[in-house]
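# Geometric and topological summary
Each chain is listed here by its residues.
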Amino acid sequence: MLFIKTKRDMLLAPLQSVSGIVEKKHTLPILSNVLLEKKADIVTCVATDIEIQITTSTSGTSDDGDCAVTVGARKLQDILRSLPDGTDVSLNLEDKRLLVRAGKSRFTLQTLPAEEFPHMALSDGVVNKLSVTQKQFRKLLSQTQFSMAAQDVRYYLNGLLLIVDGKELRAVATDGHRLAYASMPLDESHESSSPRQEVILPRKTVLELNRLLADNDEPLSIEFAANQVRFQFGNISLVSKLIDGKFPDYERVIPATLKNIVTLNRAALLQSMVRAAILTNEKFRGVRLILTPGSMKIMAANAEQEEAQEEIEIDYSGDSIDVGFNVSYLLDVLNNTSVEAVEWGFNDAGSSALLTIPGNDRFKYVVMPMRI
């Protein structure tokens, strides 16, 4: 039976959108598959890992009756990706196998029944709904996501805190060693009387959104339900479970007052850090900062007794400070902010430092010092 006949690109694009969450090896084999569902000339692609579900669709396929099947997501994607652009592709369902034809190429793939595919149950009752542009939300994620923990036993740190508060949307991420905070205003259409809401997005959801969202002004709809959040943009719908936990009080972590503040050119600081990082200890990645009036020295050394020293001339007349930091944490923030200058505030060598953007109170980055 002819299942789908279309151009390679028409099928590859939606498949790439959903297959990012598909696990290569899973205890449930069907979770390595993508659900292909055809109704009239619309083909819908669905992938899930039980925690997240992504759905997208494409039109322009042959209209030869309705059908549904699941097939290995990565294998089908790799086959389509390896074909030349503009190739005509047909998918035929024959005796529980999917025959993929393109020119003189033939591929036969195993399938599993569509009725066994585990759809995520969608929560009823939207608690809060807001609309932003894809570009705005992507920027919010890019300014904070690098501070999420990866496999912390404090599971609520392996995600990103989203706060809807009146006319403002905030994002916070921390791994216990550094914390990134960013906020953005919501447009006039959002009800400022809506209740304040805090949710924790899983790490995987955040990374997928960052991959899928476009850097444009197309709308992104966000709907919060009791234990879920739904993102809809373009022809993509992403539903994710939320992390059930209490996120740390980020406001207590951000230093309220700073005695010593220096403004630095971001690109020059980044280049100096990159060079110094070459000779850091591979495990601890520590760099030493020596701040004196008019000068900042960045020093690194490793177990082989190799040393690096960078010096930046600065407009600074505060206290002399000798402090150590994990250079990876500094490189993360400098690489993920596209501004000309950053402001770096210190109290002393034993206290957290705060990086901000001059004249912008919507971004804050706190980093703990380390002993060198």
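To be clear, the structure that these remarks concern was listed above.
Quick summary incoming for the structure in this document.

Conventions used here
- Residues numbered from 1 in each chain as written.
- Predicted model: local features only at pLDDT ≥ 70, side-chain atom pairs only at ≥ 80, totals over all residues.
- Heavy atoms only, no water.
- Axes fitted to C-alpha atoms, helices over the stretch in contact; angles between N-to-C directions.
- Helix = DSSP H or I, 4+ residues; strand = E, 2+ residues; numbered from the N terminus.
- Parallel < 35°, antiparallel > 145°, perpendicular 65-115°, else oblique.
- Left-handed = near helix turned anticlockwise from the far one by under 90°.
- Contact = heavy atoms within 4.5 Å.
- Nonpolar A, V, L, I, M, F, W, Y, C, P; charged D, E, K, R; others polar.
- Salt bridge = Lys/Arg side-chain N within 4 Å of Asp/Glu carboxyl O.
- Buried < 20%, exposed > 50% of the residue type's maximum accessible area, 1.4 Å probe, protein only.
- Pairing = 2+ DSSP bridges.
- Expected span 1.5 Å × (residues − 1).
- Polar contact = N/O pair within 3.5 Å; in protein donor to acceptor, adjacent residues only side chain to side chain.
- Phe/Tyr/Trp six-rings, centres within 6.5 Å; stacked < 30°, edge-to-face > 60°.

Moving on to the packing of helix α3 (residues 134–142) against helix α4 (residues 203–212). Packing of α3 against α4 leaves a shortest axis separation of 10 Å and a crossing angle of 135°. Put simply, α3 runs oblique to α4. At the point where α3 passes α4, the crossing takes the left-handed sense. The residues of α4 that touch α3, namely those facing Phe137, Arg138, Leu141 and Ser142, are Val206, Leu209 and Asn210. Among the residues forming the contact of α3 with α4, the class breakdown is four nonpolar, two polar and one charged.

This paragraph deals with the pattern of salt bridges. Evaluation of the coordinates by the stated rule reveals 20 salt bridges. For Lys204, the salt bridge is made with Asp49, and the minimal N-O distance between the two is 2.8 Å. Of the two residues, Lys204 is situated in helix α4 and Asp49 in the loop between β3 (42–48) and β4 (52–58); the sequence distance between them amounts to 155 residues. What makes Lys204 partly exposed here is its relative accessible area of 23%.

This paragraph deals with the pairing of strand β22 (residues 341–346). The pairing of strand β17 (residues 260–265) with β22 spans six bridges and is classified as antiparallel. Bridging across to β22, Asn260 finds its partner in Phe346.

Moving on, we get to the sheet that holds strand β8 (residues 105–112). In space, the twelve strands of this open sheet follow the order β1-β6-β7-β8-β5-β2-β3-β4-β16-β15-β14-β9, with antiparallel pairing throughout. At either end of the open sheet lies a strand with only one pairing partner, and these are β1 (2–7) and β9 (128–133). With strand direction ignored, the average angle separating the axes of adjacent strands in the sheet is 25°. Lying on the sheet, helix α2 (residues 73–82) is in contact with β2 (33–39), β5 (67–72), β6 (88–94), β7 (97–102) and β8; it crosses β5 at an angle near 90°.

So, about helix α6 (residues 266–277). For α6, built from twelve residues, the straight-helix expectation of 16 Å at 1.5 Å per residue is met to within 8% by its first-to-last C-alpha distance of 16 Å. Contacts made by the buried residues of α6 are with β17, β18 (286–292), β19 (295–301), β20 (307–313), α7 (327–335) and β22. Of the residues that open α6, the one with a side-chain oxygen 3.1 Å from the backbone nitrogen of Ala267 is Asn265.

Enumeration over the complete set of coordinates arrives at seven aromatic pairs. Ring centres of Trp344 and Phe346 lie 5.2 Å apart, and the angle between their planes is 25°; on these two criteria the pair is classed as stacked. For the pair shown, Trp344 and Phe346 are each scored as buried. Members of the aromatic cluster, each reached through a chain of ring pairs, are Phe325, Trp344 and Phe346.

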